[in-house]
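# An overview of the molecular structure
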Amino acid sequence: MAAAQLKSLQYATNSFNYTVSLVQGQNTLERIWPRLCELQTTNPALFTDANFRASLGPQIYDYQLSLPAAYTHDMQITVSWSDERIKQQDPAQYRKSNYFKRQLP
């Protein structure tokens, strides 16, 4: 019974992390949106600015954001996190990721 409850908690935590990564990815897209015209026309180099990229990052340090090197209308961002409990059972799945591919106008 205890093993089943532990497994249930692991799945619940993984589901929570997946949901938070969705929120983090959406937050990144929403931070890009107000600067979209600038990125597309007047200052595309802004996307490579270290301060701008840092402002797009997750608010929770357990998650990592991967952005493409340059802005494109059709880009993929990745929000990743580590789950130590899964590492013990399956090292290949230690790192979890959630991919976002959005086409911006």
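You'll find the structure just up there.
Below is a short write-up of the structure. (Residues numbered from 1 in each chain as written. Predicted model: local features only at pLDDT ≥ 70, side-chain atom pairs only at ≥ 80, totals over all residues. Heavy atoms only, no water.)

## Some remarks on the environment of Thr13
Definition in use: Here a helix means four or more residues in a row that DSSP labels H or I, a strand means two or more in a row labelled E, and each is numbered from the N terminus. Partly exposed describes any residue whose relative accessible area lies between the buried limit of under 20% and the exposed limit of over 50%, with all areas from a 1.4 Å probe on protein chains only and scaled to the type maximum.
Tracing the sequence through the fold places Thr13 in helix α1 (residues 2-32). By relative accessible area, which is 28% here, Thr13 ends up partly exposed. C-alpha separation for the pair Thr13 and Asp83, spaced 70 residues apart in sequence, amounts to 9.1 Å.

## Focus: the packing of aromatic side chains
Spelled out, the test is: Two aromatic rings from Phe, Tyr or Trp, using only the six-membered ring of Trp, form a pair when their centres are within 6.5 Å; if the ring planes differ by under 30 degrees the pair is stacked, by over 60 it is edge-to-face, and anything between is tilted.
One pass over the full model with this rule turns up three aromatic pairs. Ring centres of Tyr63 and Trp81 lie 6.0 Å apart, and the angle between their planes is 55°; this geometry places the pair in the tilted category. One end of the pair, Tyr63, is in strand β1 (residues 63-66); the other, Trp81, is in strand β2 (residues 74-82), and 18 residues separate them in sequence. Taken as a pair, Tyr63 and Trp81 share a single burial class, namely buried. Ring pairing ties together the aromatic residues Phe47, Phe52 and Tyr71, which thus form one cluster.

These values are about where atoms sit, not about what they do.
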